[in-house]
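Architecture at a glance
Residue strings, one per chain:
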Amino acid sequence: MGEVPHYLTIKRDIQRLIRDGQLLPHVLLPGRWKLTEQYGCSWATVNRAIQELILEGMLYAEKGKGTFVSPAAPGRAGPVRTLSVLLCSFTESVYHSVLKLMQGIHEAAGESGVHAEFTGMREPGRLHDLGGLDGRIVITPGAADYPELAKSVSRGERFVVLGSEFREPGGRWVSSDTREGTRRAVGQLLAAGHRRILLFGLRRGMANYEQKARGYELALTEYGLKPDADWMVYRPEKPADAEALLGRWMGGHPACSAVFAADYTSGLAVLGWAMKAGVRIPRDLSLFVMGEVDSSPYLVVPPSSVVQPFAEMGRQAVRMALGDDDAPSALLPCRIIHRQSVLPPSGRA
């Protein structure tokens, strides 16, 4: 057998401390930099161990406060009820969004004395392999998963779809209004005088991105403009590939004066391409981003953002799954954050 990875050693050590009662519920863990000194490793190694423990319900994070021991950590005597949560998509580009959804789930489940157990589905469209969805929260299912979701509803199974609008009769779901958030953001670019606006970063087979496309089209139509499919660009998964694709597209569309990035990964691709190409944001190109991570305000050019209420979405899904909220659905509004990445067109082209 090969040597055990360092992150796994750290992870197992923290699990042991929790199981043995040396780390009690709601106890604040040392910061990641402190743990790097304790374990003699890199920040990334510690961070991977901590993030996996958060995903598994051993720990939970509070923004601006730190990482704490979960009150319903598995392996400790206590609550026996388990809430099953299925992750249909956990790729690099949705990493931060899913973590925030999970944070809300952990908080709400812990308050109810329930342990949230997370499992991942490696292959899309394979929900039937699970033997039923009753009692689960299903996070970000793709288009390939919808037929099986519909069958589950027809069998009388009660589950909650999180992160997508599952409007099948009898379906229960929680999502954010990304269509309206996109419409408002693109509308603000139009109000600033932009008419050649790229929608960059769509993902095929994901309902949430389809809503963003509809919001983009609505905003253009309200200004008397006809949406052009050539200006609605789908991107590959890897950030480097997305940046290269954007560069090729921009080379063929010099009239573009603004970009609405469909997620934060796409926004970073725009910023990376612009820096290498010598394009100044916002003087040469305005940018609005669907998404926000903690580092957003500290970038050289902080992007104007559409922020989805991920943690509250997760909490709402738990309330519905546990029967504390009888609402069949919840569409939560997005928040617009205005920063320094939008100006009227400069006429660069």
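Each remark here, short or long, concerns the structure printed above.
Residues numbered from 1 in each chain as written. Predicted model: local features only at pLDDT ≥ 70, side-chain atom pairs only at ≥ 80, totals over all residues. Heavy atoms only, no water.

Next up on the list: the pattern of salt bridges. Counted under the stated rule, the structure contains 19 salt bridges. Across the pair Arg48 and Glu52 runs a salt bridge whose closest N-O atoms are separated by 3.2 Å. You can see Arg48 and its partner Glu52 sitting in helix H3 (residues 43–55), four residues apart, about one turn around the helix. Owing to a relative accessible area of 44%, Arg48 belongs among the partly exposed residues under this scheme. (Salt bridge = Lys/Arg side-chain N within 4 Å of Asp/Glu carboxyl O. Helix = DSSP H or I, 4+ residues; strand = E, 2+ residues; numbered from the N terminus. Buried < 20%, exposed > 50% of the residue type's maximum accessible area, 1.4 Å probe, protein only.)

Bringing the sheet that holds strand E10 (residues 258–261) into the picture now. Taking strand neighbours across the sheet as the criterion, the six strands line up as E9-E8-E10-E11-E12-E14 in an open arrangement whose pairing is mixed. At either margin of the open sheet sits one strand with a lone partner, and together these are strand E9 (232–234) and strand E14 (335–337). Going across the sheet, the axis of each strand differs from the next one's by a mean of 20°, ignoring polarity. Across three bridges, strand E12 (residues 304–307) lies against E14 in antiparallel orientation. For Val306, the partnering residue across the bridge sits in E14 and is Ile336. Packing of helix H7 (residues 207–222) onto the sheet brings it into contact with strand E8 (197–202), E9 and strand E11 (286–290), and relative to E8 it is tilted by some 175°. Helix H8 (residues 239–252) rests against E8, E9 and E10 of the sheet, and its axis sits at about 155° to E8. (Pairing = 2+ DSSP bridges. Axes fitted to C-alpha atoms, helices over the stretch in contact; angles between N-to-C directions. Contact = heavy atoms within 4.5 Å.)

For the rest of this paragraph, the subject is the environment of Ile197. Checked against the element boundaries, Ile197 lands in strand E8. Residues in contact with Ile197, not counting those within four places in the same chain, are Val186, Leu189, Leu190, Tyr216, Trp231, Ala258 and Phe260.

Here we take up the sheet that holds strand E7 (residues 173–176). A sheet is described by the order of its strands in space; here six strands give the open sequence E4-E3-E5-E6-E7-E13, paired in parallel fashion. Lying at the two open borders of the sheet, with one neighbouring strand each, are strand E4 (115–120) and strand E13 (329–332). The average angle at which neighbouring strand axes cross in this sheet is 20°, direction not considered. Judged from the four bridges that link them, E7 and E13 form a sheet pairing that is parallel. Residue pairing across strands places Trp173 opposite Ser329, the latter belonging to E13. Lying on the sheet, helix H10 (residues 310–321) is in contact with strand E3 (82–87), strand E5 (137–139), strand E6 (160–162), E7 and E13; it crosses E7 at an angle near 170°.

Here the focus is the environment of Cys41. Tracing the backbone through its elements, the reader meets Cys41 in the loop between helix H2 (32–39) and H3. Residue class for Cys41 comes out buried when judged on its relative accessible area of 17%. For Cys41 and His6, which are 35 residues apart along the polypeptide, the C-alpha to C-alpha distance reads 7.8 Å. Beyond its immediate stretch of four places on either side in the chain, Cys41 contacts His6, Ile10, Thr36 and Val46.

Here we take up helix H1 (residues 6–19). An ideal rise of 1.5 Å per residue puts 20 Å on 14 residues; H1 measures up with 20 Å between its terminal C-alpha atoms. Listed in full, the buried residues belonging to H1 are Tyr7, Leu8, Ile10, Lys11, Asp13, Ile14, Gln15, Leu17 and Ile18. In the segment just after H1, Gly21 is the residue with positive phi, at about 80°. (Expected span 1.5 Å × (residues − 1).)

Before going further, it helps to spend a moment on the packing of aromatic side chains. Applying the stated rule across the entire model yields five aromatic pairs. The interplanar angle of 40° and the centroid separation of 6.3 Å between the aromatic rings of Trp33 and Trp43 together place this pair among those described as tilted. Highlighted residues: Trp33 in helix H2 and Trp43 in helix H3, separated in sequence by 10 residues. When the ring of Trp231 is compared with that of Trp249, the centres are 4.9 Å apart and the planes differ by 90°; the resulting orientation is edge-to-face. Within this pair, whereas Trp231 is found in the loop between H7 and E9, its partner Trp249 is found in helix H8, the two being separated by 18 residues in sequence. By relative accessible area, Trp231 is classed as buried at 5%. (Phe/Tyr/Trp six-rings, centres within 6.5 Å; stacked < 30°, edge-to-face > 60°.)

The next subject is the side chain of Ser305. Residue position: Ser305 is located in strand E12. Within the local environment of Ser305, its side chain forms a polar contact with the side chain of Glu292, the two groups lying 3.1 Å apart. Dropping the residues within four chain positions of it, Ser305 is found in contact with Phe288, Val289, Gly291, Glu292, Arg335, Ile336, Ile337 and Arg339. (Polar contact = N/O pair within 3.5 Å; in protein donor to acceptor, adjacent residues only side chain to side chain.)

Shape descriptors only; they carry no functional weight alone.
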